[in-house]
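Close look at the chain arrangement
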Amino acid sequence: MGDTGFYIFGALSVVGALLMVTARNPLHGVLWLVVSFLGFAGLFGGLGAHFLAAIQILVYAGAILVLFLFVIMLLNLRPDDVSRMPALSLRGGAGGFLLGVGGFCAVVGMVVLGVPGGAFPRKVFPLDGPGGGAAEIAGPLFSEFLLPFEAVSLLLLAAIVGAVALTKRRLP
Amino acid sequence: MIALAALPPVTVDHYVLLSALLFAIGLVGVLFRRNVLIVLMSLELMLSAANLAFVAFSRMHGNLQGQVMAFFSIAVAAAEAAVALSILIALWRARGGVLVDDAAEMKG
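In this text the structure is predicted, and so the values were computed from the model without any measurement.

1. Here's the deal with the overall build of chain B
Counting secondary structure elements, chain B contains three helices and zero strands. Secondary structure elements in chain B, listed N-terminal to C-terminal, are α-α-α. Looking at chain B as a whole, 52% of its 108 residues qualify as buried. Restricting the contact set of chain B to residue pairs at least 6 apart, pairs at least 24 apart contribute 46%.

Take a look at the structure:
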C-alpha cells in the first residue's frame, strides 16, 4: 500500500489544492479543498497515523469546511457578486508567486544537497514504526503534553468567546 | 501498479517535498487572491501541509511526538477558522464585501 498510496493520495491532494487556489467561486474552492483533505487523510493513513487520518476527515473536512460553507450561505453571495469578484490581484501576485516558488526551490535544494548539519537521512521508513491509533496517541497526549493540551483548551474557549463577541449585533 | 513499481521507494524526502509543494501552493493562494474566503482556505492548506511534515518526521524518528503536535495544530486551525470567519462576517456587515481591498482604509 505504502508507495502506490503515496503517489495516488499525493496527486489527489496537489490537484485539489491547485483547483482550490484557482477557483473563482469560493463554494467550488471549499469542495476542492475537501478533495485535497481526503488526499491528506490517505497520506496520514499510509504513514501509520490512523487516528490522525480520521481526525483530518472529521475535523477538517467535516467541521471546518462546513463552517466555511455556512459562512458562504450566510453572506448570501449571489451569482453576480461571485462573477464580479476579481480572481487574482496582480500587484501582490508577482511577489507571492516568487515567494512560493523560491520557498519550494529552497526545500528541494535542502533535500537534494543535504542540510549543513547532515541530519537528513535519506532512508526508507521502518516498517515497524509506532502505531498511530487512539490508544497510542492518548499516552503522550495526557502525560508528556498535558500542559500544552490544557493550553489548547483555553485557546478554544477564547476563540469561542471571541467569535461570539465579534459577530454579536450591537443593540441600538 | 506496474508502472509505479519502477519508481524509487518512497522515503521521508518524498513526503517533505510534497509538504513543501502544498505549502507553496497555499502561500501563493494567500498572497495571490483577493477573496478573503479563498485566502482563509489557503491558510488551512498551509497548516495541513505542515502537519504532513510533522507526521513524516514522526514516522522517521519512530516516536509519536510529531503526531501529537499535528493534533495541536489541528486544534489551533479550528480556532483560527472560527475567529477569522467571524471577522469576515463583521467585515461583510461593515463594508458589504468579502475582498481584501474592502479593508484597505488604513493603507498609508
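2. Here's the deal with the overall build of chain A
A tally of regular secondary structure across chain A gives seven helices and zero strands. Counting from the amino terminus, helix and strand elements in chain A follow one another as α-α-α-α-α-α-α. Looking at chain A as a whole, 23% of its 172 residues are labelled buried. Nonlocal contacts in chain A, meaning residues at least 24 apart in sequence, comprise 59% of its contacts between residues at least 6 apart.

3. Concerning the packing of helix 3 (residues 50-75) of chain A against helix 3 (residues 65-95) of chain B
Remark: helix 3 of chain A packs on helix 3 of chain B, axes separated minimally by 11 Å, with the N-to-C direction vectors making an angle of 0 degrees. It follows from the interaxial angle that helix 3 of chain A and helix 3 of chain B lie roughly parallel. Here L52, I55, V59, Y60, A63, I64, L67, V71, L74 and L75 of chain A of helix 3 of chain A lie close against helix 3 of chain B, whose contacting residues are Q67, A70, I74, A77, A78, A81, A82, L85, L88, I89 and W92 of chain B. For the contact of helix 3 of chain A with helix 3 of chain B, the residue count by class is 20 nonpolar, one polar and no charged.

4. A look at the confidence of the model for chain A
Detailed reading of predicted coordinates is not advised where the pLDDT is low. Residues of chain A with pLDDT of at least 70 account for 78%, and the chain-wide mean is 81. Ranking the elements of chain A by mean pLDDT puts helix 4 (residues 79-84) of chain A last, at 54, and helix 7 (residues 146-167) of chain A first, at 93.

5. Some details on the packing of helix 1 (residues 12-32) of chain B against helix 2 (residues 36-61) of chain B
All names here are of chain B. Two elements in contact, helix 1 and helix 2, have axes whose closest approach is 8 Å; the angle formed by their N-to-C orientations is 165 degrees. Between helix 1 and helix 2, the angle falls in the class roughly antiparallel. For the pair helix 1 and helix 2, the sense of crossing is left-handed. Per-class residue counts for the contact of helix 1 with helix 2 are 21 nonpolar, four polar and no charged.

6. Quick word on the interface of chain B and chain A
Taken together, the contact pairs 64 residues of chain B with 75 residues of chain A. Sorting the residues of the side of chain B that touches chain A by element identifies helix 1, helix 2 and helix 3 of chain B as the ones contributing at least two each. If you tally residues by element for the side of chain B that touches chain A, the top one is helix 3 of chain B, at 22 residues. Residue classes in the side of chain B that touches chain A are distributed as 47 nonpolar, twelve polar and five charged.

7. Some words on helix 2 (residues 26-46) of chain A
Taking 1.5 Å per residue as the helical rise, helix 2 of chain A with its 21 residues ought to reach 30 Å, and the 30 Å between its terminal C-alpha atoms agrees with that figure. The first or second residue beyond helix 2 of chain A is G48 of chain A, which carries a positive phi of 90 degrees.

8. A few points about the nonpolar core
Among the nonpolar cores identified, the biggest contains 70 residues, and F44 of chain A together with M41, L52, V55 and A56 of chain B are the most heavily contacted of them. Both domain 1 (1-87) and domain 3 (133-172) of chain A contribute no fewer than three residues apiece to this core. Ignoring any residue separated from it by four or fewer positions in sequence, one finds L52 of chain B in contact with F40 and L43 of chain A together with Y15, L18 and S19 of chain B.

9. Remarks on the environment of R59 of chain B
All names here are of chain B. Mapping R59 onto the fold places it in helix 2. Residue R59 is classed as buried on the basis of its 23 C-beta neighbours within 10 Å. Expressed as a C-alpha distance, the spacing of R59 and L37, which sit 22 residues apart in the sequence, is 33 Å.

10. Quick word on the environment of A11 of chain A
Residue and element names in this part refer to chain A. You can see A11 is positioned in helix 1 (residues 2-21). Residue A11 is classed as exposed on the basis of its 12 C-beta neighbours within 10 Å. As a C-alpha pair, A11 and L77 span 66 residues in sequence and 31 Å in three-dimensional space.

11. As for the confidence of the model for chain B
Residues and elements named next belong to chain B. Chain-level statistics for chain B give a pLDDT mean of 84 and a share of 90% at 70 or above. Here helix 1 stands out as the element of chain B with the lowest mean pLDDT, 87, in contrast to helix 2, whose mean of 91 is the highest. Here the prediction assigns the complex a pTM of 0.86, and the interface score ipTM is 0.88.

So, how was this worked out
Residues numbered from 1 in each chain as written. Chains lettered and ligands numbered in written order. Predicted model: local features only at pLDDT ≥ 70, side-chain atom pairs only at ≥ 80, totals over all residues. Helix = DSSP H or I, 4+ residues; strand = E, 2+ residues; numbered from the N terminus. Buried ≥ 20, exposed ≤ 12 C-beta atoms within 10 Å, placed from the backbone. Contact = placed C-beta atoms within 7 Å. Axes fitted to C-alpha atoms, helices over the stretch in contact; angles between N-to-C directions. Parallel < 35°, antiparallel > 145°, perpendicular 65-115°, else oblique. Nonpolar A, V, L, I, M, F, W, Y, C, P; charged D, E, K, R; others polar. pLDDT = per-residue confidence, 0-100. Left-handed = near helix turned anticlockwise from the far one by under 90°. Expected span 1.5 Å × (residues − 1). Core = buried A, V, L, I, M, F, W, Y, C linked by C-beta atoms within 7 Å. Domains from an automatic or database assignment.

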